[in-house]
Amino acid sequence: MGEGRPGVAATLRALNGALGRPAALWVKESGARNLRHRDFLAPRAALSAAFPGGQVPPETVSAVPSLRGPAVLPLRACRQTPAGLAVQVRRPEAFQRLLGPLPGPASPAAGARTGCVVLHCLALRGTAALRPRHLRSVLLADHLAQLLRAQGVGVRLVPALTEERNWDVLRQLRICWPSGSGGSSLTDAVSALKAALGQCPCAAACEQGPGTAEGVIFKVHLKSFVEQQGLVGYDPNLDVLFVTEGTLWSLAELQEAVLQCPVSDPPALSASCFPNNSCCSIIHVVNCEEEFQQQQLDVLWRILDLGAHTVLQKHLVCGPVKVTNPSSPIGADQYFQLRKRQMYEASVIKYGELAQDEAWTEVIDTLTVAAIRFEMLSTAHRSQITLDLENNSISTKGTKSGAFVMYNCARLATLFDTFQRAVEQGTYPPLPPVSELNFSCLREEGEWLLLFNYLLPFPEVLQQAAQLPPPSKGIRITANTETVCKFLIQLSMDFSSYYNRVHVLGEPFPHLFDQMFARLQLLGAVRDMFHSALATLHLPPLSQI
């Protein structure tokens, strides 16, 4: 057709433009009840504010169905209703246009970059064992990195791991984080930082002796610098920072990451992520208990003026992680092992002896990772999370868990395995090319729900999840890091409801093939969407549960 993949935003822009008003009047429907009658609505209240008496001129209403555009859905009818101006989509044509190419964002051109983000996770510095509160910020940074990469943004993860005791738990959780001990370049950078501090009016060298903490080499007055520069959003208790070699090593590593950002096209950078033509953005992902420490490092970097004035530094702060009734402080590795044992026990209850087979080891591991990632990431990052470790809060039945999402992904894999075996046995013919499918057969309510609420907006969902807010005077930012988990949970609920109602692989009668093939094409796109979304969480799709 050459019309491109339809999108929600493009369709809404075309609808708003058709009414000739600057305000955004239209909304996309999502509830099953409303979708029986309309797909888009300009509510009565909005129309009353934009048109005299809320009455849209008849010629304007009659022109809406003729709207065209490369990413505009094909529209069938527009009419005045008690709720407002309602529009329906030409659904068979929408199925045809959306199910041709695979859903998801377009792959960035080879070698092209839209900028670079350095994600700095303070929790991975030092030698202390990770705890659940640290794990939250690490998982969030790992997920955000995947989301940004999917949009063609270069990502650098800092710091490089040096503490081996934390490697195992990160590997078990499929967190891809660089490791290394640095090199001569960092050693040289630390020496340069020492020299710079020696010339800084805010800093004073510290001699080792009585009253001086071990390892302290400089005392830096942060508060006076913050006041002089008029910096906004910093803790008023910032005062004197005692600088150690480790502090300078942290700065050197950050500076090196900025210098190595793989940006090849600065003019094309996204203004929301890279203001003032800066080619790199620094996001400090930190839990609320370490926020003060991160602010100290931030201000020290600004004092040394190593490009920090032109590089955007922002703080993405995670809310507290409350652990209920712990017998003693629990480490991240203990947390993982506890959830794994609980997942194994829940799987045995549901699947019996099958779950005790060795082949299930990988399945249990994946379900455990999914459970923990959804537990940590499906809540807005600034809100508190409560972990109930005493009771078995991990379940294979709950509709809002990572295990439920993985279960429905596996159901799709089983469906297509069953279909493929039936094709090989001659029960069904192979799935025809999409151009030969009859999508007018898709009349079940759940089929339109899957297409309109999930396949249609999916690329925009990923873009919104990776979107960093525009620059502001403060240092804190928020990100929609819970978006993908919530999307997958709701998708799983609607898919499960549909799959429980509809028998996709029917009797092998030729007159039933058209509907079966159309449904398989739809569910194949849903499967691919599951896989793309799970990839941002470093979760492999399961072929069985």
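Just so it is clear, the model here is predicted, and its values are computed rather than measured. Residue positions are given per chain, counting from 1 as you read along its sequence in written order. A pLDDT threshold of at least 70 governs which residues receive local features in this predicted model, and a stricter bar of 80 or more applies before side-chain atom pairs are shown or counted, although totals over entire chains, interfaces and linings include all residues. The basis for every side-chain value is the complete set of heavy atoms in the structure, and neither hydrogens nor water enter the calculation.

A.B. asks: An account of the confidence of the model for the chain is needed here, citing residue identities and associated values.
C.D. replies: Averaged over every residue, the pLDDT of the chain is 87; the share at 70 or more is 88%. A residue's pLDDT is the predictor's confidence in that residue, given on a scale from 0 to 100. Contact criterion: two residues are considered in contact whenever any of their non-hydrogen atoms come within 4.5 Å of each other. Of the regions scoring below 50 in pLDDT, residues 102-113 engages in 23 contacts with residues more than four places distant in sequence or in other chains. Contacts from residues 264-277, a stretch scored under 50 in pLDDT, to residues over four places away or in other chains number 30 contacts.

A.B. asks: I'd like a description of the environment of tyrosine 428, backed by residues and values.
C.D. replies: Under the DSSP-based scheme used, a helix requires at least four consecutive residues in state H or I and a strand at least two consecutive residues in state E, with every element numbered from the N terminus. Its place among the elements puts tyrosine 428 in the loop between helix H14 (402-424) and helix H15 (445-455). In the structure, tyrosine 428 is positioned 77 residues away from leucine 505 in sequence and 9.4 Å away in space, judged by C-alpha atoms. Filtering out sequence-adjacent residues up to four positions away, tyrosine 428 remains in contact with Phe419, Ala422, Val423, Leu505, Gly506, Pro508, Phe513 and Met516. Contacts described as polar in this section are N or O atom pairs within 3.5 Å, which, within protein, must combine one atom able to donate a hydrogen with one able to accept it, while residues neighboring in sequence count only if both atoms come from side chains. A distance of 2.5 Å separates a polar side-chain atom of tyrosine 428 from the backbone oxygen of glycine 506.

A.B. asks: So, the pairing of strand E11 (residues 312-318): which residues are in play, and what are the values?
C.D. replies: Buried, partly exposed and exposed residues are distinguished by accessible area as a fraction of the type maximum, computed with a 1.4 Å probe on protein chains only: under 20%, between the cut-offs, and over 50%, respectively. E11 sits mainly inside the fold: seven of its seven residues count as buried. With burial as the criterion, each face of E11 is covered, one bearing Leu312, Lys314, Leu316 and Cys318 and the other bearing Gln313, His315 and Val317. The pairing of strand E10 (residues 280-287) with E11 spans seven bridges and is parallel. Along E11, the bridge assignment pairs valine 286 with valine 317. Should DSSP find at least two bridges between two strands, the strands are taken to pair.

A.B. asks: Can you break down the nonpolar core residue by residue, with the values?
C.D. replies: Most often, soluble globular proteins have nonpolar side chains that are buried together. As used here, the term nonpolar core means buried Ala, Val, Leu, Ile, Met, Phe, Trp, Tyr and Cys residues forming a set that is joined through side-chain atoms within 4.5 Å. The biggest cluster of nonpolar side chains holds 135 residues, and the ones touching the most others in it are Trp26 and Leu488. The element that contributes the greatest number of residues to this core is helix H18 (residues 510-535), accounting for 13 residues. When near neighbours in sequence (up to four residues on either side) are disregarded, tryptophan 26 contacts Leu12, Leu15, Asn16, Leu19, Phe40, Leu41, Ala42, Cys78, Leu85 and Val87. The next biggest cluster of nonpolar side chains, apart from the first, holds 36 residues, and it includes Val118, Leu193, Leu222 and Val243.

A.B. asks: Describe the sheet that holds strand E7 (residues 203-205), with residues and values.
C.D. replies: Strand order in the open sheet made by the three strands is E7-E8-E9, with antiparallel pairing throughout. Each of the sheet's edge strands pairs with one partner strand only, and the pair in question is E7 and strand E9 (240-244). Neighbour-to-neighbour, the strand axes of the sheet open up by a mean angle of 25°, direction not taken into account. Bridge count for E7 against strand E8 (residues 216-221) is three bridges, and the pairing is antiparallel. Looking across to E8, one finds that alanine 205 is bridged to phenylalanine 218. Each of E7, E8 and E9 is contacted by helix H8 (residues 184-198), which is oriented at about 50° to E8, the strand it contacts most. Interaxial angles span 0 to 180 degrees and are taken between N-to-C directions of axes, which are lines fitted to C-alpha atoms, for helices over the stretch in contact.

A.B. asks: I'd like a description of the side chain of glutamate 460, backed by residues and values.
C.D. replies: Within the secondary structure layout, glutamate 460 lies in helix H16 (residues 458-466). With no salt bridge to any partner, buried glutamate 460 finds its closest opposite charge in arginine 5, at an N-O distance of 6.0 Å. If sequence neighbours within four positions are ignored, glutamate 460 has contacts with Gly7, Val8 and Ala9. A residue counts as positive if it is Lys or Arg and as negative if it is Asp or Glu; His and the chain ends are not included. By convention in these notes, a salt bridge is any Lys or Arg side-chain nitrogen within 4 Å of a carboxyl oxygen on Asp or Glu.

A.B. asks: Please give an account of the packing of helix H9 (residues 222-229) against helix H11 (residues 291-304) that cites residues and values.
C.D. replies: Closest axis-to-axis distance for the H9/H11 pair is 10 Å, and the angle between their directions is 65°. With respect to their mutual orientation, H9 and H11 come out roughly perpendicular. Crossing handedness for the pair H9 and H11: left-handed. Between H9, through Leu222, Phe225 and Val226, and H11, the contact on the second element is made entirely by Gln296, Val299, Leu300, Arg302 and Ile303. When residues are grouped by polarity, Ala, Val, Leu, Ile, Met, Phe, Trp, Tyr, Cys and Pro land in nonpolar, Asp, Glu, Lys and Arg in charged, and all others, Gly among them, in polar. For the contact of H9 with H11, the class distribution of residues is six nonpolar, one polar and one charged. Should an angle fall under 35 degrees it is called roughly parallel, over 145 degrees roughly antiparallel, and 65 to 115 degrees roughly perpendicular, with every other angle called oblique. Crossings are assigned a handedness: left-handed for a near helix turned anticlockwise from the far helix by less than a right angle, right-handed for a clockwise turn.

A.B. asks: Pulling in residues and values, what's your account of the sheet that holds strand E3 (residues 75-81)?
C.D. replies: Strands belonging to one sheet form pairs held by backbone hydrogen bonds; the direction of such a pair is parallel or antiparallel. Pairing in this open sheet of four strands is antiparallel, and the strands run E1-E2-E4-E3 from one edge to the other. Looking at which strands have only one partner, the edges of the open sheet turn out to be strand E1 (27-28) and E3. Where E3 and strand E4 (residues 84-89) come together, six bridges link them in antiparallel fashion. Following the sheet pairing, arginine 79 is matched in E4 by alanine 86.

A.B. asks: Tell me about helix H6 (residues 132-150), and name the residues and values.
C.D. replies: In this model, H6 (19 residues) spans 27 Å end to end at C-alpha, consistent with the 27 Å of a helix rising 1.5 Å per residue. Burial within H6 is extensive, with 16 of its 19 residues counted as buried. Phi for glycine 152, located one or two positions after H6, is positive at around 85°. Every helix has an expected span of 1.5 Å times one less than the residues it contains.

A.B. asks: Talk me through the pattern of salt bridges; I want residue IDs and the actual numbers.
C.D. replies: The tally for this structure, following the rule as stated, stands at 18 salt bridges. A salt bridge links arginine 373 to aspartate 142; its shortest N-O distance comes to 2.9 Å. One end of the pair, arginine 373, is in helix H13 (residues 361-377); the other, aspartate 142, is in helix H6, and 231 residues separate them in sequence. Note on accessibility: arginine 373 and aspartate 142 belong to one class, buried.

A.B. asks: I'd like to hear about the environment of leucine 534, residue by residue, with values.
C.D. replies: Looking at the element boundaries, leucine 534 is found in helix H18. Here leucine 534 falls in the buried class, since its relative accessible area comes to 0%. Along the primary structure leucine 534 and methionine 406 are separated by 128 residues, whereas in three dimensions their C-alpha atoms are 9.0 Å apart. With near-sequence residues (within four places) excluded, leucine 534 lies in contact with Val405, Met406, Cys409, Leu488 and Leu539.

A.B. asks: Break down unusual backbone geometry for me, with residues and values.
C.D. replies: The omega torsion of the bond from valine 158 to proline 159 falls at 5°, within 30 degrees of zero and hence cis. Structurally, the position occupied by proline 159 is in the loop between strand E6 (154-158) and helix H7 (167-172). The backbone phi angle of arginine 174 is positive, close to 60°, even though this residue is not glycine. Within the element layout of this structure, arginine 174 appears in the loop between H7 and H8. Positive phi outside glycine occurs at histidine 538, with the angle close to 55°. Its location among the elements puts histidine 538 in the segment after H18. The class of histidine 538 is buried, set by a relative accessible area of 16%.

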